[in-house]
Amino acid sequence: MPELKSLMADVVISIVLILILTACMLTVWIYTSLINPIKKLQAAAQNIKEGNLDFTIEAESRDEIGELCTSFEEMRQRLKDNAEEKINSEKENKMLISNIAHDLKTPITAVKGYAEGLKEGVTCDKESMEFYCDVIMDEADKMNRMVKNLLTL
């Protein structure tokens, strides 16, 4: 009987050790399959919060966590594309404004030059004065058309 009790104790200890080892292996498996991807998603969310969109999130599995990683990566890519599109749009707007300013300065310079000529008495004959006034009116009409076109846009 003592041998049987000793054998039973050894079996119970072996079973307990096997259960402890199994529990440790399950803990490691759960940690690597759940916690690591969640930590990656947390780091990705922090990067996005800080405005950094130059990274990738790779799904390591095809389960719900993997699908979440894939969805998060698609969201990051869309945010990045939208940010790049916004930057390009702002550049185009700045260029458009610069071109408009340049196009408006040209007739303004002509109007100013002819008006100064009239003021300083560059010419006294009526024909030249009418020519100067016609140029001023033509250039003012050009500016008016440009402003109307700008408002239409």
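You'll find the structure just up there.
Residues numbered from 1 in each chain as written. Predicted model: local features only at pLDDT ≥ 70, side-chain atom pairs only at ≥ 80, totals over all residues. Heavy atoms only, no water.

Q: Please explain helix H1 (residues 2-49) as it appears in this structure.
A: Side chains of residues three or four places apart in an α-helix project in the same direction, reflecting 3.6 residues per turn. For H1, built from 48 residues, the straight-helix expectation of 70 Å at 1.5 Å per residue is met to within 8% by its first-to-last C-alpha distance of 68 Å. Of all the bends in H1, the largest measures some 35 degrees and sits at Tyr31. Taken as a whole, H1 has its buried residues at Pro37, Leu41 and Ala44. Looking at the buried side of H1, the elements it contacts are helix H2 (64-120). Just downstream of H1, Gly51 is the residue with a positive phi angle, here 90 degrees. (Helix = DSSP H or I, 4+ residues; strand = E, 2+ residues; numbered from the N terminus. Expected span 1.5 Å × (residues − 1). Bend = angle between axes of the 7 residues up to and from the residue. Buried < 20%, exposed > 50% of the residue type's maximum accessible area, 1.4 Å probe, protein only. Contact = heavy atoms within 4.5 Å.)

Q: I keep staring at the environment of Glu120 and nothing clicks. Help me out?
A: Residue position: Glu120 is located in helix H2. Taking the relative accessible area as the measure of exposure, Glu120 reaches 64% and is therefore exposed. The spatial distance from the C-alpha of Glu120 to the C-alpha of Ala101 is 28 Å, given a sequence separation of 19 residues.

Q: I keep staring at the nonpolar core and nothing clicks. Help me out?
A: Burial of nonpolar side chains together is a common tendency in soluble globular proteins. Counting 7 residues, the largest nonpolar core is built from Leu41, Ala44, Phe55, Ile57, Ile65, Cys69 and Phe72. Those elements giving two or more residues to this core turn out to be H1 and H2. Examining the composition of this core, we find that 3 residues originate from one element, H2, more than from any other. In contact with Phe55, not counting residues within four places along its chain, are Ala44, Asn47, Ile48, Glu73 and Arg76. (Core = buried A, V, L, I, M, F, W, Y, C linked by side-chain atoms within 4.5 Å.)

Q: What is the right way to read the side chain of Glu139 from this model?
A: As for its position among the elements, Glu139 is in helix H3 (residues 126-152). If sequence neighbours within four positions are ignored, Glu139 has contacts with Pro107, Ala110 and Val111.

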